[in-house]
Structure formats: structure tokens, C-alpha cells
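Now for the letters of each chain:
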Protein chains: 2
Amino acid sequence: MTATRGPAAAGDGARRDTVATVVGQWQAVRPDLDTGPMEIIGRVNRCAALLQQAEDAPLRRAGLSRPEFDLLGALRRTGHELTPGDLARETFSSGAAVTKRLKQLTERGLVERRGDTRDRRVAHLRLTDAGRDLVDAVLPEQLAYERAVLSALDRDRQGELAGLLGELLSRLEGHMRTVRA
Amino acid sequence: MTATRGPAAAGDGARRDTVATVVGQWQAVRPDLDTGPMEIIGRVNRCAALLQQAEDAPLRRAGLSRPEFDLLGALRRTGHELTPGDLARETFSSGAAVTKRLKQLTERGLVERRGDTRDRRVAHLRLTDAGRDLVDAVLPEQLAYERAVLSALDRDRQGELAGLLGELLSRLEGHMRTVRA
DNA sequence: CAGCGATTCTTTACGAGTAAAACACGTGCT
DNA sequence: AGCACGTGTTTTACTCGTAAAGAATCGCTG
């Protein structure tokens, strides 16, 4: 019950972020509400938006959108062929979206498709040499860029943050699986 | 240089999250890369996706999308009229998107527009009574739902997480302002 | 082995966001 | 006054994702 306020812990002294401002406005207009959840969810959303925008820069140079790169990355990191369904699950997107992206990526010569001999409904996708080279060239740039952006936080804090997010995420994912929605 | 691995801190014992799995796959295929940034950025993105999906539930019941609610919320929390430009800045979306949303929301009778008497280019938007009532009815449900979802983390960890995210966010926002992109 | 339900993927129709152009006004300079 | 220029907003053309329907195929059952 003591919640309601508190960025808690974490050394102050930095600039007030936009979420803190928004929360402050809500408190002024609806002091009866416990705005605690906003301090996490609002920030996660805003961070995701800003990070994506930053992260997109190295990808755009390679002529790839993030979802496209996710798809190529899934093929690269698993190391074997995947079906469209696998790719949809792996990239958390709909089957239809995967179909469209695959169409473009095969046209660009980055992935190849091969029909299954046993079950003719399914296709197997793999990276072409060009696709593999592209991923291998872009990923290090990508990571370097991300590292630069995250350097806003020192190493210890990065570790703490990764740990907390991992804990939240693993429980969210577990919960989703049970609640089925 | 010692990075590369480590969820660090945070009591283990929970399930492995999907990001940890993905990072493990990358390590197996490209052990030369420092995948540290993924542990934060990947998780932020994935958490944002899952939280939004969850968060959308109470909103959908009210017939609102998240961006629509953000717009109404901006009007409610500032307490005064805003121009389309203000709303675009406040909700971090493009002017064009705001125009479209305003069109729908005014048609639904949730916001009203009033032309400026001095400068006839600008419009002033405010919530109608119905709009205000809707926000005031939905927001508490929204927050309750968010609180439930976040209860995956105990109170202390929530505070830590909010603090770390706030620190990261305030520096990211500061950086964006200087780099101007 | 014919048929029916389940699956795997693709297609279609549509809604929503974006960038860039267009539009409508103020402002200040000459 | 006349006119270029900047600003605030809307419109246009296009891209991308989704949900729902469709098409092809498998496997089981009578």
C-alpha cells in the first residue's frame, strides 16, 4: 500500500524521463489511482520504441526491416532448415506475415525453398550463401550499435536489468502458456 | 570482456525465457560474438510485445485501441485542450496518425474540436463528457490488469526494475535529443 | 479405398501507420 | 499592399500486418 510513488532504489541525479512526467500528470489529476504499473510498463514500451528506432539504423543500411532480419536470423541461429510454421513460431508473427516476407526474401535471393518429399504441404526454407553472408555481416554491426546505445548504463546495471527482465519475461511467458491468451 | 554470458544477479530457479534460448543458439553458431546486448534489448522488445497484448484486453472491451487510448489519456492527464501537434508530440506518433485517430474519436463523440480564433490553422481538442467518463472508467481497470500481470515480480524487484528502466530511458531520451535522430 | 476432419500454407480484403506532398494560414520584409 | 517563407494540419499513395477464407494435402476410420 505504500507503493503509488517511488522510482525506488537506483541513484537519482539523472534527468527525469518522460514517463515520470506523465505519471506526475496523472497523479495531479487522479491522485486516487495507484499509477505504479505505469512506471514499469510505460517505460518498457517507451524503451522498446526508442531502442527499435536506434536498432533499425544498421539494418536499414543493409536494406532489411527488423522483421525480415528476425526471419533470416532464425534460420541462421538454428543452423538447419525451417518450415514457414516454424518461422512463424520462432519470430512470434502470423503465418501470413511470414509468407509475405518469405516471398520477398526469396525474390532477393537471400533464402531458398525446397518442398518436403513426404508431406507436400510443407516447405523447407534455408539461407542462400548470400543470405548467410548478409546476416553474418550485419549482426556484428547491429550488436556494436546496441552496445553503444546501452552504454548509457554501466556494466553492473546492465546485468541487473537483464536479470530482472529475464525474470519478468520467463514468468510472463509461463503465464501466457497457462492462460492461453 | 568478461561479459558475453551472464544474466547476473537475480535469483535463479525460474524457467529459462525465450530470449535466453535464442542467445544460446547464437552462442553455439557464432561463439565469437558478444551477445550481451540481446539480453537486454531482446527482452525489452519481447516484454513490450507480451505486455501490450495483455494490456490490450481491458481496452478492447471498451472498444479502444491502445493508440486511441493514449490520445484520450493525453487529453485527460494534461487537463486542458491540446492541438493536434501537441497530441502528436505527447503520444510520440506522427501528425498524420493523430489526424486519423481524431477523426474517428470525434465521430464517436469522445472528443470535440474547436478552431482557434486567432490562428485559424490550429484546432483545439478536448474530451467530451462521454470521453472523460470513458477514460475514467477504463483507466482503473487498465491499471488493475497491469498490476496483476506485473505481480510476477515482487514489490522490491518491481521498484528496482522501474528504477533501472527509468535510468536507461532518461539517458536514451537525452541522447536522442542531442543526436537528433 | 472413399470420405472427413485436421494440418499447413497461401490468398484476399481490409485497417492502420508513414513519408511526402498539398493545403491553409500567419508573419515579417520591402 | 504584396509576397516569400515558415508553421500547423490534412491528404495521398503506399507498405505492412492481420483475420478470415481458401486450397492442398495428410491420415485415420469405417
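By convention here, each chain's residues receive numbers from 1 onward along its written sequence. Starting at A for chains and at 1 for ligands, labels are handed out in the order in which the entities are written. Totals for whole chains, interfaces and linings use all residues, but because this is a predicted model, local features are given only for residues with pLDDT of at least 70 and pairs of side-chain atoms are given and counted only at 80 or more. Only hydrogens and water are set aside when side-chain values are computed; all heavy atoms of the structure are taken into account.

- For chain A, the name recorded in an unreviewed UniProt entry is HTH marR-type domain-containing protein, with Streptomyces griseoruber as its organism.

1. Some remarks on the environment of Val44(B)
At step 1: We count a stretch as a helix when DSSP gives it H or I for four or more residues in a row; a strand needs E for two or more, and each element gets its number in order from the N terminus. Mapped onto the elements, Val44(B) comes out in helix H2 (residues 36-61).
At step 2: Only heavy atoms enter the contact rule, under which two residues are in contact if any of them lie within 4.5 Å. Sequence-distant contacts of Val44(B), that is, excluding residues within four places in its chain, are made with Val44(A), Cys47(A), Ala48(A), Leu51(A) and Leu165(A).

2. Examining the domain arrangement of chain A
At step 1: Residue ranges labeled as domains rest on an automatic or database domain assignment. Partitioning chain A into domains gives domain 1 (17-54) and domain 2 (63-132).
At step 2: Measuring from the centre of the C-alpha atoms in domain 1 of chain A to the corresponding centre in domain 2 of chain A gives 37 Å.

3. Notes on helix H4 (residues 84-91) of chain B
All names here are of chain B.
At step 1: Listed as buried for H4 are Leu 87, Ala 88 and Thr 91. Taken around the axis of H4, the buried residues stretch over an arc of 100 degrees, which confines them to a single face.
At step 2: Residues of H4 that are buried in the fold lie against helix H3 (66-78), helix H5 (95-107) and strand S2 (123-127).
At step 3: Count one or two residues on from H4 and you reach Phe 92, which has phi positive near 55 degrees. The cut-offs for exposure are 20% and 50% of the maximum accessible area for each residue type, with area from a 1.4 Å probe on protein chains only; residues under the lower value are buried, those over the upper are exposed, and the others partly exposed. This arc describes the spread of directions from the helix axis toward the C-beta atoms.

4. Here's the deal with helix H1 (residues 18-29) of chain A
For an α-helix, the turn length of 3.6 residues means that residues three or four places apart are oriented alike.
Residue and element names in this part refer to chain A.
At step 1: How far a helix is expected to stretch is found by multiplying one less than its residue total by 1.5 Å. Between the first and last C-alpha of H1 there are 17 Å, a value that for 12 residues agrees with the 16 Å anticipated at 1.5 Å per step.
At step 2: Residues of H1 that are buried include every one of Val 19, Ala 20, Val 23 and Trp 26, and no others. Along the axis of H1, the buried positions cluster into a sector of 120 degrees, meaning they face one direction only.
At step 3: As used in this structure description, the phrase polar contact means that two N or O atoms lie within 3.5 Å; if the pair is within protein, one of them must be able to donate a hydrogen and the other to accept it, and residues adjacent in sequence are counted only when both atoms belong to side chains. One side-chain oxygen of the residue at the start of H1 lies 3.2 Å from the amide nitrogen of Val 19, identifying that residue as Asp 17.

5. Topic: the protein's contact with DNA strand D
At step 1: Of all residues adjacent to DNA strand D, which total 22 residues, the nearest are Ser94(A), Pro84(B), Gly85(B), Arg113(B) and Arg121(B).
At step 2: Residue Arg120(A) places a main-chain N or O atom 3.2 Å away from a phosphate oxygen belonging to DNA strand D.
At step 3: Elements supplying a minimum of two residues to the surface near DNA strand D: helix H5 (95-107) of chain A together with H4 and H5 of chain B.
At step 4: Residues belonging to the surface near DNA strand D are distributed by class as follows: seven nonpolar, six polar and nine charged. One heavy atom within 4 Å of a molecule or strand makes the whole residue count as near it. Ten residue types, Ala, Val, Leu, Ile, Met, Phe, Trp, Tyr, Cys and Pro, are classed as nonpolar, four, Asp, Glu, Lys and Arg, as charged, and the remainder, Gly among them, as polar.

6. Overview of the relation of the copies chain A and chain B
At step 1: Rotating chain A by 180 degrees and translating it 0.0 Å along the rotation axis places it on chain B, where the RMSD comes to 0.1 Å. Such a turn and shift between the copies fits a two-fold axis.
At step 2: Both copies contact each other with a shared surface, as 100% of the interface residues of chain A are interface residues in chain B too. Least squares is used to superpose the copies, and the fit set is the C-alpha atoms of residues whose pLDDT is at least 70 in both copies.

7. Concerning unusual backbone geometry
All names here are of chain A.
At step 1: Here the phi dihedral of Phe 92 falls at roughly 55 degrees; this positive angle occurs in a residue that is not glycine.
At step 2: Assignment of secondary structure puts Phe 92 in the loop between helix H4 (84-91) and H5.
At step 3: Assessed through its relative accessible area of 48%, Phe 92 is described here as partly exposed.

8. So, the protein's contact with DNA strand C
At step 1: Lining the immediate environment of DNA strand C, one finds 22 residues, of which Gly85(A), Thr99(A), Arg113(A), Arg121(A) and Ser94(B) sit closest.
At step 2: Within 4 Å of the protein, the atoms of DNA strand C are drawn from sugar and phosphate moieties in a proportion of 60%.
At step 3: In the model, a phosphate oxygen of DNA strand C is placed 3.1 Å from a nitrogen or oxygen of the Arg118(B) main chain.
At step 4: The set of elements that each furnish at least two residues to the surface near DNA strand C consists of H4 and H5 of chain A together with H5 of chain B.

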